[in-house]
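Chain by chain, the residues run as shown.
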Amino acid sequence: MNMKQAYKKSLQKMKKVNNRKEYIKLINRYNLLLVPTLEYISGKRFERLLKEGE
């Protein structure tokens, strides 16, 4: 899986959680990007990404 695919997959799974703690539980199960990596790639805080995904 390349970085673009991992980013899209992480954003899709993020839509199913309500907070950072729930997302962190899914990281290993679904091979998602870490929170700091998501923030760096998007240039946005995690909380803002959550709001945009709703």
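Note that the coordinates shown come from a computational prediction; the quantities given were computed from them, not determined experimentally. (Residues numbered from 1 in each chain as written. Predicted model: local features only at pLDDT ≥ 70, side-chain atom pairs only at ≥ 80, totals over all residues. Heavy atoms only, no water.)

Draft legend 1. Layout of helix 4 (residues 46–53). Every buried residue belonging to helix 4 is among Phe46, Leu49 and Leu50, and all of these are buried. In a view along the axis of helix 4, the buried residues occupy a sector of 100°, so they form one face of it. Turned more than 90 degrees off the buried face of helix 4, the exposed positions are Arg48 and Lys51. Those residues of helix 4 that are buried are in contact with helix 1 (3–14), helix 2 (20–30) and helix 3 (35–42). (Buried < 20%, exposed > 50% of the residue type's maximum accessible area, 1.4 Å probe, protein only. Helix = DSSP H or I, 4+ residues; strand = E, 2+ residues; numbered from the N terminus. Arc of directions from axis to C-beta. Contact = heavy atoms within 4.5 Å.)

Draft legend 2. Structural context of the packing of helix 2 against helix 3. Taken N-terminus to C-terminus, the directions of helix 2 and helix 3 make an angle of 105°; their axes are 11 Å apart at the nearest point. Relative to helix 3, the element helix 2 is oriented roughly perpendicular. Of the residues in helix 3, those touching helix 2 at Arg20, Tyr23, Ile24 and Ile27 are Val35, Leu38 and Glu39. In the contact of helix 2 with helix 3, the residues fall into five nonpolar, no polar and two charged. (Axes fitted to C-alpha atoms, helices over the stretch in contact; angles between N-to-C directions. Parallel < 35°, antiparallel > 145°, perpendicular 65-115°, else oblique. Nonpolar A, V, L, I, M, F, W, Y, C, P; charged D, E, K, R; others polar.)

Draft legend 3. Structural view of a nonpolar patch on the surface. Together, Met3, Tyr40 and Ile41 make up a nonpolar patch on the protein surface, roughly 370 Å² of accessible area in all. You can see isoleucine 41 is positioned in helix 3. (Patch = residues over 30% accessible without salt bridge, like charges linked within 9 Å, V, L, I, M, F, W, Y side chains within 5 Å. Areas by Shrake-Rupley, 256 points an atom, 1.4 Å probe, with all protein chains shown as cover. Salt bridge = Lys/Arg side-chain N within 4 Å of Asp/Glu carboxyl O.)

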